[in-house]
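Structure at a glance
Each chain, letter by letter, is given below.
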Amino acid sequence: MLSQIDLNKVADWQDYESRLSGLEIRMGELQRTCRELGIPIMIVFEGFEASGKGTMISRMIRPLDPRGFKVYTMEKEYEDDRMHPYLWRYSIKTPEKGRIHIFDRSWYQGMESGELSAEQIRQFEKQFTDDGMVLIKFFLAISKKEQKKRLQALSGKKSTKWRVKKKDWQKNEEYDACVSEYEKMLIETDSDHAPWVIVEAMEKKYAIYKILTTVVKRMEEAVARRQKPRNLSDEKDKTVSVTESEELLNGVLGGVDLSLDLEPEEYKKKRKDLQKRLAKLHNKMYLERVPVVLAFEGWDAGGKGGAIKRITQCMDPRGYEVVPIASPNDIEKAHHYLWRFWTKFPKDGHMAIFDRTWYGRVLVERIEGFATEDEWRRAYQEINHMEQHLAESGAIVLKFWMHIDKDEQERRFRQRQQTPEKQWKITEEDWRNRAKWEEYEKAVDEMIVRTSTEYAPWHIIEANSKLYARIRVLEIVVEALEKVL
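None of the values given here were measured: they were computed from a predicted structure.

Considering the side chain of histidine 335
Inspection of the secondary structure assignment puts histidine 335 in the loop between helix 13 (330-333) and helix 14 (339-342). Discounting chain neighbours no more than four positions away, the residues touching histidine 335 are Thr94, Pro95 and Glu96.

Side note on the side chain of lysine 399
Looking at the secondary structure, you find lysine 399 in strand 9 (residues 396-403). Judged by relative accessible area, which is 0%, lysine 399 ranks as buried. At 2.9 Å, the side chain of lysine 399 forms a polar contact with the side chain of tyrosine 359. Ignoring sequence-local partners within four residues, the contact set of lysine 399 consists of Ala295, Tyr359, Glu387, Thr451, Ser452, Ala456, Pro457, Trp458 and His459.

A look at the packing of helix 11 (residues 264-287) against helix 20 (residues 466-484)
The packing of two helices is summarised by the inter-axis angle and the distance between the axes. Running from amino to carboxyl end, helix 11 crosses helix 20 at an angle of 30°, the nearest separation of the two axes being 9 Å. In this view, helix 11 runs roughly parallel relative to helix 20, as classed from their interaxial angle. Helix 11 and helix 20 meet at a crossing whose hand is left-handed. Note on element contacts: helix 20 touches helix 11 through Leu467, Arg470, Ile471, Leu474, Glu475, Val477, Val478, Leu481 and Glu482, opposite Pro264, Tyr267, Lys270, Arg271, Leu274, Gln275, Arg277, Leu278, Leu281 and Met285. For the contact of helix 11 with helix 20, the class distribution of residues is twelve nonpolar, one polar and six charged.

Structural notes on helix 16 (residues 373-392)
When the terminal C-alpha atoms of helix 16 are compared, their 29 Å separation across 20 residues agrees well with the 28 Å that a helix rising 1.5 Å per residue should span. For helix 16, the set of buried residues is Glu373, Trp376, Arg378, Ala379, Tyr380, Glu382, Ile383, Asn384, Met386, Glu387, His389 and Leu390. If you follow the buried residues of helix 16, they end up packed against helix 6 (118-130), helix 14, helix 15 (364-368), strand 9 and helix 19 (437-451). Phi turns positive, to about 105°, at glycine 394, one or two residues after helix 16.

Description of the nonpolar core
Formed by 142 residues in total, the largest nonpolar core has its most connected members in Met60, Trp107, Ile311 and Trp358. Examining the composition of this core, we find that eleven residues originate from one element, helix 10 (residues 204-227), more than from any other. Each residue touching methionine 60, except ones within four places of it in the same chain, is listed here: Met27, Ile43, Phe45, Ile102, Ile208, Ile211, Leu212 and Val215.

A short note on the environment of glutamate 17
By the secondary structure assignment, glutamate 17 is in helix 1 (residues 16-37). As a C-alpha pair, glutamate 17 and lysine 205 span 188 residues in sequence and 9.7 Å in three-dimensional space.

Thoughts on the sheet that holds strand 7 (residues 320-324)
An order of 7-8-6-9-10 is seen for the five strands of this open sheet, with the pairing classed as parallel. Strand pairing shows two members of the sheet lacking a second neighbour, strand 7 and strand 10 (458-462), which therefore form its edges. Strand-to-strand twist of the sheet, defined as the mean angle between neighbouring strand axes without regard to direction, takes the value 20°. Across the sheet, helix 12 (residues 304-312) is in contact with strand 6 (292-298), strand 7, strand 8 (351-355) and strand 9; its angle to strand 6 comes to roughly 155°.

Structural notes on the pattern of salt bridges
Here the structure, examined in full by the defined rule, presents 46 salt bridges. With a closest N to O distance of 2.7 Å, arginine 378 and aspartate 374 form a salt bridge. One end of the pair, arginine 378, and the other, aspartate 374, are both in helix 16, four residues apart, so they sit about a helical turn from each other. Look at the salt bridges and you will find they share partners, linking Asp131, Arg361, Glu365, Asp374, Arg378 and Glu382 into a network.

Some words on the packing of aromatic side chains
A full pass over the atoms with the stated rule returns 31 aromatic pairs. Both rings, one in phenylalanine 45 and one in phenylalanine 138, keep their centres 5.2 Å apart while their planes meet at 40°; by these two values the pair is tilted. Taken together, the positions of phenylalanine 45 in strand 1 (residues 41-47) and phenylalanine 138 in strand 4 (residues 134-141) put the pair 93 residues apart, joining distant regions of the chain. In terms of burial, phenylalanine 45 and phenylalanine 138 fall into one category: buried. The ring of tryptophan 13 is capped by arginine 19, whose NZ or CZ atom sits 4.4 Å from the centre of that ring. The ring of tryptophan 376 has arginine 366 sitting right over it, with the charged end atom 4.0 Å from the ring centre.

Criteria and thresholds
- Residues numbered from 1 in each chain as written.
- Predicted model: local features only at pLDDT ≥ 70, side-chain atom pairs only at ≥ 80, totals over all residues.
- Heavy atoms only, no water.
- Helix = DSSP H or I, 4+ residues; strand = E, 2+ residues; numbered from the N terminus.
- Contact = heavy atoms within 4.5 Å.
- Buried < 20%, exposed > 50% of the residue type's maximum accessible area, 1.4 Å probe, protein only.
- Polar contact = N/O pair within 3.5 Å; in protein donor to acceptor, adjacent residues only side chain to side chain.
- Axes fitted to C-alpha atoms, helices over the stretch in contact; angles between N-to-C directions.
- Parallel < 35°, antiparallel > 145°, perpendicular 65-115°, else oblique.
- Left-handed = near helix turned anticlockwise from the far one by under 90°.
- Nonpolar A, V, L, I, M, F, W, Y, C, P; charged D, E, K, R; others polar.
- Expected span 1.5 Å × (residues − 1).
- Core = buried A, V, L, I, M, F, W, Y, C linked by side-chain atoms within 4.5 Å.
- Pairing = 2+ DSSP bridges.
- Salt bridge = Lys/Arg side-chain N within 4 Å of Asp/Glu carboxyl O.
- Phe/Tyr/Trp six-rings, centres within 6.5 Å; stacked < 30°, edge-to-face > 60°.
- Lys NZ or Arg CZ within 6 Å of the ring centre and 35° of its normal.

Encoded structure:
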């Protein structure tokens, strides 16, 4: 890629200013249209040191309404960044629908440092573009001679010499090696959904014209796709459909022994021992900076709250957070569905306990038609990739399905209705969901088969007996922490 481009291109058109003015007007119009249509846009700037990334960003945003975009300078790594998985710092900064976020340096720094692979980057970008985001990636290229000239110019001014670091000079001396590394990066991460645009940045006028032309073209394409009349006959049904693999429905849940029970005295003895061990492990987890993610799903009245309470009773509240997940609010709906979970993942040494999780995409949203079939089907892989990144970043990820049978659920529902202090726990929606038990059971079976992995396993908890279920969850958490710590 880089070795084949002509870096000496210049904007020598006589009508340059008129062309540029037309692009700027059109870009402002498209920003308003994208906002109205709810199209999110991410623009990434990478390139050689001193290639003009900051200058190009400043010039590019000139025709834009400043209320509709945000620029992130990502080269510096902060302490909070270091205490989270690498992609956390970028995931929480992705734009909501209708906004433009611009990155001066990006997740490609992770590939340079060896913290991310090309495959991880492709997966990361695809989840956003599949969801309708426009991702525009610019790589600014200049020659070795021009780079040296610009570094000297920056170093020669009191106001800008701080911008030139020792590593910048070193990269100029190793220019040919940098070209090889950059070329490898560009080839391995170029894709149909997120192609690279190499900008010949020797002359600023030519560079900004190419950048504006590209942005306008990509925005126009996105608007055209969104405004294209829908062909209802081609659309997939938004309701749940039969999975293509019937053997998945042969009953993961059907083989669970729900008769398992525990005597109260044995329960008390085991709980005391396990909570004592967990308290020590929580302290050690903090000292060794190991993050933990516990994800709880299950039938309504399946005992999620009771199990979570027994975990937290013995731990320092400063070292964990319980995250209850309800229906997404307007801000959350405006982002990619995983965004709200990225914002809650724990930093190193802390624990996040999710009461309901990102699996709502393949359960509630699937059954109730809030997600299209295409959306919930691709969610299995998106979730696996996210959890794999958490695990590879050092997190312990444990997932629990609290399983009860239909009769036990009805008994608990009626008990809640008859107990004044528990009536708030039961709603009409709970009874309505119960009518779709068989559909949910099939969805849970498929969810477990497709997303139970070595790095983030599902644990099906036999929860007809609350005492047995609480001890079983404690045992799994303690054993997992002891294995790692």
